[in-house]
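Observations on the model geometry
This is what each chain is made of:
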Amino acid sequence: MVKKEPQCCEKFKTMIGGQALIEGIMMRGPDKDAIVIRTQDGLTVETHPRKRNPPKSFKSWPFIRGVFNFFDSNVVGVKALLRSADLAPEEMQEEPSKFDLWLEKKLGNEKFQQAVLGIAVAMGLGLSVVLFFLLPMVISSFFDRWIPNTFVLNLVEGVIRMGIFLAYMLAISRMGEMRRLFSYHGAEHKTIRCYEAGLPLTVENVRIQTRLHPRCGTSFLLVVMVISILVFSVASTGLLALVPALETMRGSFVYRLIMIVFKLLLIPLVVGITYEINRWAGGHDNWFTKILTAPGMWMQNFTTNEPDDSMIEVGIAAVQAVLPEQEGADRW
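Residues numbered from 1 in each chain as written. Predicted model: local features only at pLDDT ≥ 70, side-chain atom pairs only at ≥ 80, totals over all residues. Heavy atoms only, no water.

**A few points about the environment of Arg211**
Examined against the element boundaries, Arg211 turns out to sit in the loop between helix 6 (203–207) and helix 7 (217–242). Since its relative accessible area comes to 11%, Arg211 is described here as buried. Along the sequence, Arg211 and Met297 sit 86 residues apart, while their C-alpha atoms lie 9.6 Å from each other. There is a polar contact of 3.4 Å between the side chain of Arg211 and the backbone oxygen of Asn301. Within the structure, Arg211 has its side chain in polar contact with the side chain of Thr304 (distance 2.8 Å). (Helix = DSSP H or I, 4+ residues; strand = E, 2+ residues; numbered from the N terminus. Buried < 20%, exposed > 50% of the residue type's maximum accessible area, 1.4 Å probe, protein only. Polar contact = N/O pair within 3.5 Å; in protein donor to acceptor, adjacent residues only side chain to side chain.)

Structure, rendered in structure tokens:
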């Protein structure tokens, strides 16, 4: 029997959000970011001013801002994760490899940290593109001989992509070392739920909240996959209409390569559209937004676990560290 999650009485929506770290939580507010790690000496809290794009900057334009925000979130998230690894208790830290020591000696500590950050971000984004986009494209491309309908072929690709994503999330949720990280993820959600309910941020109030939250990054990833089916279908149909010669090449290696590269170039557009949809859905409550966020909410049953009280204390400290001086400045 599935345990029913407690419900949250939401009084307002906040733009505050974050991610789980090694023995801690990173939280982002309207004006600053915070990293809270539980060390052997208690809670360590680090805050940094948040850099935001000027309203008139092209980086703040609809559909474009989503790409920049997605990249910025990845950079900040990886940087916070690396910092949490430095602050985590010694028994949870790994000894640096000979390559790490050599690289730090050659580059110096600051440049070494920048190099590690750049490599980590590139590897994370690269793995996501290869696993959730390139691999499904390659697999589905072998069906193009028998499926002439572009939309159906992209639907098959989307089903494959979703299957890979679900299998990946299910696999990592069963990894012992990830369970604690997902518990901190649950603490992050529960604390934000408590804050949005207008309740005092106490362990007791946070504990009774649901660990599922509609504005989680998991929901974003699922919507990305749905939007990719629509964008890839429309764009592929348009490309074939503009270049009829491609139809005669269907089933060939060159045709598959062209379509794969074409779709990879469309990923920023998919991210931009998804960001605007999630931004709109996050600020509205109706039957459509509930349907839109339902798959992501369900997926959070695998990506979040119930936290213990010590984890909740970290979540509370993280939210309190990024609350704006002006009340209401963080409203969605």
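**Section: the pairing of strand 2 (residues 24–28)**
The buried count for strand 2 comes to five of five residues, which makes it a mostly enclosed element. Because side chains alternate across strand 2, one face comprises the buried residues Gly24, Met26 and Arg28, and the other comprises Ile25 and Met27, equally buried. When strand 1 (residues 17–21) meets strand 2, the two strands line up antiparallel, connected through five bridges. Directly across from Gly18, in strand 2, lies its bridge partner Met27. Counted between consecutive antiparallel strands, the loop separating strand 1 from strand 2 contains two residues, among which Glu23 sits at a positive phi close to 55 degrees. Here five bridges tie strand 2 to strand 3 (residues 32–39), and the two strands are oriented antiparallel to one another. When the bridges of strand 3 are listed, Gly24 appears paired with Ile37. (Pairing = 2+ DSSP bridges.)

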